Every structure is written in C-alpha cells, then in structure tokens.
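# Coordinate analysis (summary)
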Amino acid sequence: MAVLFGATVGAAAYPGALRLNALTDSDGLRTYEYQLTAQRRLEPLRAGPPALVFAEHYEYWAQFEPGSVHQFELRRGGLGFYQLNMRPLERALREYYEQHP
C-alpha cells in the first residue's frame, strides 16, 4: 500500500513541479542554439542548457546534416531545471509528417 501511495504522490507531484518551476522563472523563455551531431543528438552551443534527444522522431532529424544549428526555447525556473517549449517543434514535426506520410 505504501509503494502504491508513493507512486501516486510522485506521479501527481511531477505536473505540480513543472508548473511551479515555470511560475518561479524570472527570465521567461530564452532562445538557445543547438548543433545536431552525427548521432542525432542536439548539443548546446554554450554551457548551461542540457543536450536534447528526440529518438522517436528520427526521420525528421535525418533530413538535417550533422553540424546544422537549430534554435529552441527553454526556461530555467526557480526549481533549477530547464523546460523546453515544445510548441514550435510540434508544429514543425506535424508539417514534416503531413508532407512525408
């Protein structure tokens, strides 16, 4: 029972932590540049933000050459972790997969 309760509390706390992190962000969304590697990882061009990996969208990233630079919006809230604004990427993915079914 304790394990189930702990898992439930943990699952409920995650969205709350995301919201609290966003609410305590004093800088808002900032644009960061990332470089695509040969392994299809996106490495930040400057120190700070985390590397990004979108393994489930391999076809989309395969259209770009390794070394290409891409911009992403991230926020770093008061809880100290980065949150990626997925809306522009979701829009680009939708357009790509509509053209390449």
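Predicted model, so just to flag it, every value in this text is computed and none were measured.

To continue, consider the overall build of the protein. Per the secondary structure count, the protein includes 3 helices and 5 strands. In the protein, the order of α-helices and β-strands from amino to carboxyl end is α-β-β-β-α-β-β-α. Since a compact globule built from 101 residues should have a radius of gyration of about 13 Å, the 17 Å found for the protein marks it as more spread out than a globular shape. For the C-alpha atoms alone, the extent of the protein along its principal axes is close to 50 × 35 × 25 Å. A separation of at least 24 residues holds for 61% of the contacts in the protein among residues at least 6 apart in sequence. Treating the 10 positive side-chain charges of the protein as one cloud and the 11 negative ones as another, the clouds have centres 7 Å apart.

Put simply, side chains in a regular strand alternate between the two faces of the sheet. When strand E1 (residues 30–36) meets strand E4 (residues 69–76), the two strands line up antiparallel, connected through 6 bridges. The residue bridging Gln35 from the neighbouring strand is Val69, located in E4. The pairing of E1 with strand E2 (residues 41–44) spans 3 bridges and is classified as antiparallel. Across the sheet, the residue bridging to Gln35 is Glu43, located in E2. What sits between the antiparallel neighbours E1 and E2 is a turn of 4 residues, in which Arg40 has the positive phi angle 65°.

Moving on: the sheet that holds strand E5 (residues 82–84). One open sheet accounts for 5 strands, arranged E3-E2-E1-E4-E5; its pairing is antiparallel. Whereas interior strands pair on both sides, the edge strands pair on one side only; in this sheet they are strand E3 (52–53) and E5. The pairing of E2 with E3 spans 2 bridges and is classified as antiparallel. When the sheet's bridge partners are listed, Leu42 is paired in E3 with Leu52.

For residues besides glycine, phi is generally negative; the peptide bonds are generally trans as well. Phi is positive for Arg40, close to 65°, though the residue is something other than glycine. Tracing the backbone through its elements, the reader meets Arg40 in the loop between E1 and E2.

Scoring rules and cut-offs
- Residues numbered from 1 in each chain as written.
- Predicted model: local features only at pLDDT ≥ 70, side-chain atom pairs only at ≥ 80, totals over all residues.
- Heavy atoms only, no water.
- Helix = DSSP H or I, 4+ residues; strand = E, 2+ residues; numbered from the N terminus.
- Rg over C-alpha atoms; globule rule 2.2 N^0.38 Å.
- Contact = heavy atoms within 4.5 Å.
- Lys, Arg positive; Asp, Glu negative; His and termini not counted.
- Charge placed at Lys NZ, Arg CZ, Asp CG, Glu CD.
- Pairing = 2+ DSSP bridges.

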